[in-house]
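So you can see what is in the structure, the chains are spelled out below.
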Amino acid sequence: MHATQSLANRIEAVRERIARAEIRYGRAPGSVQLVAVSKTVPVETIASACRECGQTRFGENYLQEALPKITAALLQECAIEWHFIGPLQSNKTQGVAARFSWVHSVDRLSIAQRLSAQRPAHLPPLDVCLQVNISREPGKSGVALTHLPELATAVAGLPHLRLRGLMTIPAPCHELEQQRLPFHALRAAFDDLRARGLMLDTLSMGMSEDFEAAIAEGATLVRVGSAIFGRRA
Ligand SMILES: *Cc1c(COP(=O)(O)O)cnc(C)c1O
């Protein structure tokens with residue numbers, strides 16, 4: 001069923017699911033942005049999504065995989081906004097700071113400091129989200145909730161970054177009501193930081209299997225891969 005649908009149909013179906021969730025959960029129409037997660041997806045498919053469907057936000061997890069896509073001749077007329085969503089090592093910050101508009105996966109100050117220092121002067125500040133380990137899974141990326149206010153305050157003070165909000169990848173589960181719990185917790189942390197005076201406007205939460213639950217809890221940006229491009233090998 002999935003494979004026979006065209007790319008345009010699948011993007012349209014995801015956009016409809018987003019629009020329906022906005023209505024169902026009392027969110028303003030158009031208040032949830034779609035980042036199409038294009039890891040493992042070839043440049044030609046990204047170009048089709050852009051040309052045929054007007055999709056301009058794409059997410060990538062690995063710098064080595066992303067660089068040839070970002071610089072591909074085929075995509076130069078597409079005005080793509082690239083979002084880095086994968087784990088970030090310090091030896092990759094320079095390339096990310098130079099080539100991406102957004103980073104969703106900042107979870108420690110040293111990485112944020114490098115991104116700020118390495119952001120090229122001719123570019124606007126790099127938009128960043130702090131990744132939070134909301135399900136408290138050992139060994140998973142993300143700052144713990146207890147350290148979040150301290151990290152957020154420090155990152156907000158860096159000159160070439162703009163702290164936009166929070167991101168999380170909860171432990172997978174299938175029930176909508178269960179899916180909502182970690183997203184609700186991230187939303188509470190977001191509201192708390194705003195109450196402390198941080199000007200945040202982005203909740204990056206929700207993927208193919210759980211984005212309706214995330215929208216119910218206030219997601220402003222969902223990161224969707226397999227529902228658009230099919231299952232990854
Ligand atoms: C791969 C990935 C996604 C997309 O996941 P799907 O389940 O394919 O929609 C979203 N966010 C991050 C951080 C990812 O690594």
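First things first, this report covers the structure right here in the doc. (Residues numbered from 1 in each chain as written. Predicted model: local features only at pLDDT ≥ 70, side-chain atom pairs only at ≥ 80, totals over all residues. Heavy atoms only, no water.)

### Some points on the nonpolar core
Across soluble globular proteins, nonpolar side chains show a tendency to be buried alongside one another. Within the largest apolar cluster, 67 residues are counted, with the highest numbers of intra-cluster contacts made by Val 103, Leu 115, Leu 130, Leu 166, Val 222 and Ile 228. Here this core gets 6 residues from one element, more than from any other, and that element is helix 2 (residues 43-53). Setting aside chain neighbours within four positions, we find Leu 115 in contact with Leu 88, Thr 93, Val 96, Ala 97, Val 103, Val 106, Leu 126 and Leu 161. (Core = buried A, V, L, I, M, F, W, Y, C linked by side-chain atoms within 4.5 Å. Buried < 20%, exposed > 50% of the residue type's maximum accessible area, 1.4 Å probe, protein only. Helix = DSSP H or I, 4+ residues; strand = E, 2+ residues; numbered from the N terminus. Contact = heavy atoms within 4.5 Å.)

### Description of the state of the cysteines
Tallied over the entire structure, the rule returns 0 disulfides. With no disulfide partner, Cys 53 has as its closest neighbouring cysteine sulfur the one in Cys 50, 9.3 Å distant. Taking the relative accessible area as the measure of exposure, Cys 53 reaches 13% and is therefore buried. (Disulfide = S-S within 2.5 Å.)

### Let's talk about helix 3 (residues 63-70)
Two residues of an α-helix separated by three or four positions point the same way, owing to the 3.6 residues in each turn. When helix 3 is considered as a whole, its buried residues turn out to be Leu 63, Ala 66, Lys 69 and Ile 70. Taken around the axis of helix 3, the buried residues stretch over an arc of 125°, which confines them to a single face. Elements in contact with the buried residues of helix 3: helix 2, strand 2 (57-60), strand 3 (81-84) and helix 4 (93-99). (Arc of directions from axis to C-beta.)

### Some remarks on unusual backbone geometry
With glycine set apart, most residues show a phi of negative sign, and most peptide bonds adopt trans. A positive phi angle, near 70°, is found at Thr 40, a position not held by glycine. Relative to the helices and strands, Thr 40 resides in the loop between strand 1 (33-37) and helix 2.

### Focus: the pattern of salt bridges
Scanning all chains against the criterion turns up 13 salt bridges. A salt bridge links Lys 69 to Glu 65, with the nearest nitrogen and oxygen atoms 2.8 Å apart. Placement of the pair is Lys 69 and Glu 65 together in helix 3, with a separation of 4 residues, close to one helical turn. Look at Lys 69 and you get buried, because its relative accessible area is 7%. With relative accessibility at 22%, the residue Glu 65 sits in the partly exposed group. One salt bridge in this structure joins Asp 192 and Arg 196, with 3.0 Å as the shortest N-O distance. For Arg 196, a relative accessible area of 54% gives the class exposed. Each of Asp 127, Arg 162, Arg 164 and Asp 201 takes part in salt bridges that share partners, so that together they form one network. (Salt bridge = Lys/Arg side-chain N within 4 Å of Asp/Glu carboxyl O.)

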